[in-house]
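One-letter residues, chain by chain:
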Amino acid sequence: MNSALPLKPEEKTKIPRKSYPSEFKQETASLVLDQGYSRKAAAEAMGIGYTALDHWVRQLRQGRNGETPEKGRRGKPLTIFPDTTTSVYQNK
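(A) Local environment of the overall build of the protein chain. Within the protein chain, the secondary structure is distributed over three helices and zero strands. Going from the N terminus to the C terminus, the protein chain shows its helices and strands as α-α-α. The buried share of the protein chain, taken over its 92 residues, is 25%. Across the protein chain, contacts joining residues at least 24 apart in sequence account for 48% of those joining residues at least 6 apart. Summed over all atoms, the accessible surface of the protein chain reaches about 7200 Å², with 51% contributed by carbon and sulfur.

(B) Fine view of the packing of aromatic side chains. One pass over the structure, following the stated rule, counts three aromatic pairs. Each ring, one from Tyr 20 and one from Phe 24, has its centre 5.2 Å from the other, and the planes form 20 degrees; the classification is stacked. On the basis of relative accessibility, which here comes to 25%, the residue Tyr 20 falls in the partly exposed class. The exposure class of Phe 24 is buried, given its relative accessible area of 14%. An aromatic cluster is built from Tyr 20, Phe 24 and Trp 56, whose rings are joined through pairwise contacts.

(C) The arrangement of the pattern of salt bridges in detail. If you walk through the whole model with that rule in mind, you get three salt bridges. Arg 39 is the partner of Asp 54 in a salt bridge, and the nearest nitrogen-oxygen pair spans 2.7 Å. A residue pair is termed long-range when its members are at least 10 positions apart, and Asp 54 in helix α3 (residues 50–64) and Arg 39 in helix α2 (residues 39–46) qualify at 15 residues. Owing to a relative accessible area of 22%, Arg 39 belongs among the partly exposed residues under this scheme.

Cut-offs and rules
Residues numbered from 1 in each chain as written. Predicted model: local features only at pLDDT ≥ 70, side-chain atom pairs only at ≥ 80, totals over all residues. Heavy atoms only, no water. Helix = DSSP H or I, 4+ residues; strand = E, 2+ residues; numbered from the N terminus. Buried < 20%, exposed > 50% of the residue type's maximum accessible area, 1.4 Å probe, protein only. Contact = heavy atoms within 4.5 Å. Areas by Shrake-Rupley, 256 points an atom, 1.4 Å probe, with all protein chains shown as cover. Phe/Tyr/Trp six-rings, centres within 6.5 Å; stacked < 30°, edge-to-face > 60°. Salt bridge = Lys/Arg side-chain N within 4 Å of Asp/Glu carboxyl O.

Take a look at the structure:
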């Protein structure tokens, strides 16, 4: 007899989804688009998932091409800052 029965929906616990600021998303996506990182290397370097980075790269590329960026899970496009080649984390 199998003692490991599947959990009922009400017994499952949800793992909270991580959220990142738009500046972080843009900076990370620019590693791929501007600095020649592979998506895999950039995702590992920044400690995020490949799929999330891939989505951010597509959004940033679309915004730079003048297209309406695809929306994220919460219905907001990735914010595009005026100078996307300068790090938003640099000390000025």
